[in-house]
Amino acid sequence: MKSKIIIIAALLLLLVLPVSGCRKSAEAPENDGEIKNEDELTIGVSFDSFLIERWQRDRDVFVDQCKSLGAKVNVQNANGDTQTQISQIEYLISKQVDAIVIVGIDSDALSGVCGKAHAAGIPVIAYDRMIHDSNVDLYISFDNRQVGTLMGEGMVRSGLKNRKVLMCAGPNEDPNVAQLGEGFKEVMAKHSVTIVDEVHALGWKPEYAADYISENIGILDQVDGIMCGNDGIATAVYRVLAENRRAGGIRLVGQDADLEACQRIVQGTQVMTVFKPVEKLARAAAEYAVRLAKGEKLTEISDRMSDGSYDVPYVMLEPIAVYKENMDETVIDAGYHLREDVYLYATK
Ligand code: GAL
């Protein structure tokens, strides 16, 4: 009798083991739940475009840092098109990358695809630009309101005879633009400076600003200065000013510390730019992405920012105002541009 019980128990055990193994293998992630070692990790990164100088730098530093941490990187470039960006993020999900980092083109268009990433167990980082209503695992950027404040202070500091300026800002789809605008407008109001108009360059395309000024050339007789949403816009605006022999007379401010802008600053035809040490941003983002990819929790991040629906973990870096007098101690000492390149046309 006893031997019969043992045989039945053994048979039952044989029946249960493969089923439970089957349940586990059916539900288990690709590697059966063990934490992947670093050299198996792949980080997907989705960029808006590389037309703008700074994003090339962000990409290079981000990829280098991920590789130094042992992770592979799959870089996608949406060339400024939101539908392309969504498709590329879906592609990264289909490749089962271990984390996705996004420079969003349209902050209101990505909650669906971020939801798909989360459903696939893939953490998402909003890089430099918040993504609305998506409960991303981390938003990391500079203090964009402070960028606007620094631009405003640069404008006022340059001396505004008529106390009138024009805003040629970035696109409304980029949430940084509104934050920057708040900071800039607060300084203008504080110093009783009138903003005669505010135009927005769709997709950060500088030609929108240049075309606006060319079509309203009389505005150059009204304003003391033009706030440019980034240095790419400042370059396009500068060319219109130069064509109309106004270069240097109308103050320009921008951001990103593009090489041409830094050259104008030391030549005296642009007041300032806001330097955002993208190496710091890209390096930090790569480290966070690898940690999230490994399944770690970023418990040390206590700051939060609302994405419109959720309070998401937020890491904020400080921007730096760059003028002629501190160009060497900032952009050049940071190794962002070579001194001989910045001073190429300057009369020293
Ligand atoms: C914004 C960013 C700026 C600038 C711009 C494109 O989102 O805040 O620093 O890079 O994109 O030039």
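All figures in this text were calculated on a predicted structure; none of them were measured in a lab. Here the residue numbers are simple positions, counted from 1 along each chain's written sequence. Selection of residues for local features in this predicted model requires a pLDDT of at least 70, selection of side-chain atom pairs for listing and counting requires 80 or more, and totals for whole chains, interfaces and linings are taken over all residues. As a rule here, side-chain values come from all non-hydrogen atoms in the structure, and water together with hydrogens is ignored.

**Regarding the overall build of the protein chain**
Thinking step 1. Runs of H or I in DSSP of at least four residues are treated as helices and runs of E of at least two as strands, each being numbered from the N terminus. Along the backbone of the protein chain there are twelve helices and 13 strands.
Thinking step 2. Relative accessibility thresholds used throughout: buried, under 20% of the residue-type maximum; exposed, over 50%; partly exposed, between the two (1.4 Å probe, protein chains only). The buried share of the protein chain, reckoned over its 348 residues, is 51%.
Thinking step 3. The criterion used for residue contact is that any of the two residues' heavy atoms lie within 4.5 Å. Within the protein chain, contacts between residues separated by at least 24 positions form 73% of all contacts whose residues are at least 6 apart in sequence.
Thinking step 4. A total accessible area of about 16300 Å² is found for the protein chain, and carbon and sulfur atoms account for 52% of it. Per-residue accessibility takes into account occlusion by the displayed protein chains alone, with areas from the Shrake-Rupley method and a 1.4 Å probe.

**Some words on the confidence of the model for the protein chain**
Thinking step 1. The predictor attaches a confidence to each residue, called pLDDT, with possible values from 0 through 100. In this model, the protein chain carries a mean pLDDT of 90, and residues with pLDDT of at least 70 account for 89%.
Thinking step 2. Counting contacts from residues 13–34, a segment whose pLDDT is below 50, to residues more than four positions away or on other chains yields five contacts.

**Some details on the pairing of strand S4 (residues 124–127)**
Thinking step 1. Residues Val124 and Ala126 line one face of S4 and the alternating positions Ile125 and Tyr127 line the opposite face, and both faces are buried.
Thinking step 2. A pair of strands is labelled paired if DSSP reports no fewer than 2 bridges between them. For strand S3 (residues 99–102) and S4, the ladder comprises three bridges, and the chain directions are parallel. The residue bridging Val101 from the neighbouring strand is Ile125, located in S4.
Thinking step 3. Seen with the strands pointing away from the viewer, any crossover whose path from the first strand over the helix to the second strand runs clockwise is right-handed. For the crossover from S3 across helix H4 (residues 111–119) to S4, the handedness is right-handed.
Thinking step 4. As judged from the three bridges shared by S4 and strand S5 (residues 138–142), these two strands associate in the parallel manner. Of the residues in S5, the one forming a bridge with Ile125 is Leu138.

**Focus: the pattern of salt bridges**
Thinking step 1. The term salt bridge refers to a pairing of a side-chain nitrogen on Lys or Arg with a carboxyl oxygen on Asp or Glu at a separation within 4 Å. Enumeration over the complete set of coordinates arrives at 17 salt bridges.
Thinking step 2. Measuring nitrogen to oxygen at the nearest pair gives 2.7 Å for the salt bridge that ties Arg54 to Asp58. Taken together, the positions of Arg54 and Asp58, both in helix H2 (residues 53–68) and four residues apart, correspond to about one turn of that helix.
Thinking step 3. Residue classification places Asp58 among the buried positions, given a relative accessible area of 0%.
Thinking step 4. The shortest N-O distance in the salt bridge between Arg54 and Asp128 comes to 3.2 Å. Taken together, the positions of Arg54 in helix H2 and Asp128 in the loop between S4 and S5 put the pair 74 residues apart, joining distant regions of the chain. Asp128 carries the same exposure label as Arg54, and that label is buried.

**Considerations on the nonpolar core**
Thinking step 1. For the purposes of this section, nonpolar cores are sets of buried Ala, Val, Leu, Ile, Met, Phe, Trp, Tyr and Cys residues that join through side-chain atoms within 4.5 Å. Counting residues in each nonpolar core, the largest one holds 57 residues, and the members touching the most others are Ile43, Phe62, Ile140, Ile213, Ile226, Val237 and Tyr288.
Thinking step 2. Broken down by element, this core gets its largest block of residues, ten residues, from helix H10 (residues 278–293).
Thinking step 3. The two domains that each donate at least three residues to this core are domain 1 (41–143 + 278–317) and domain 2 (144–275 + 321–342).
Thinking step 4. Counting residues in each nonpolar core, the second largest holds 20 residues, with Val113, Ala117, Ile122 and Val312 among its members. Domain borders in the structure are assigned automatically or taken from a domain database.

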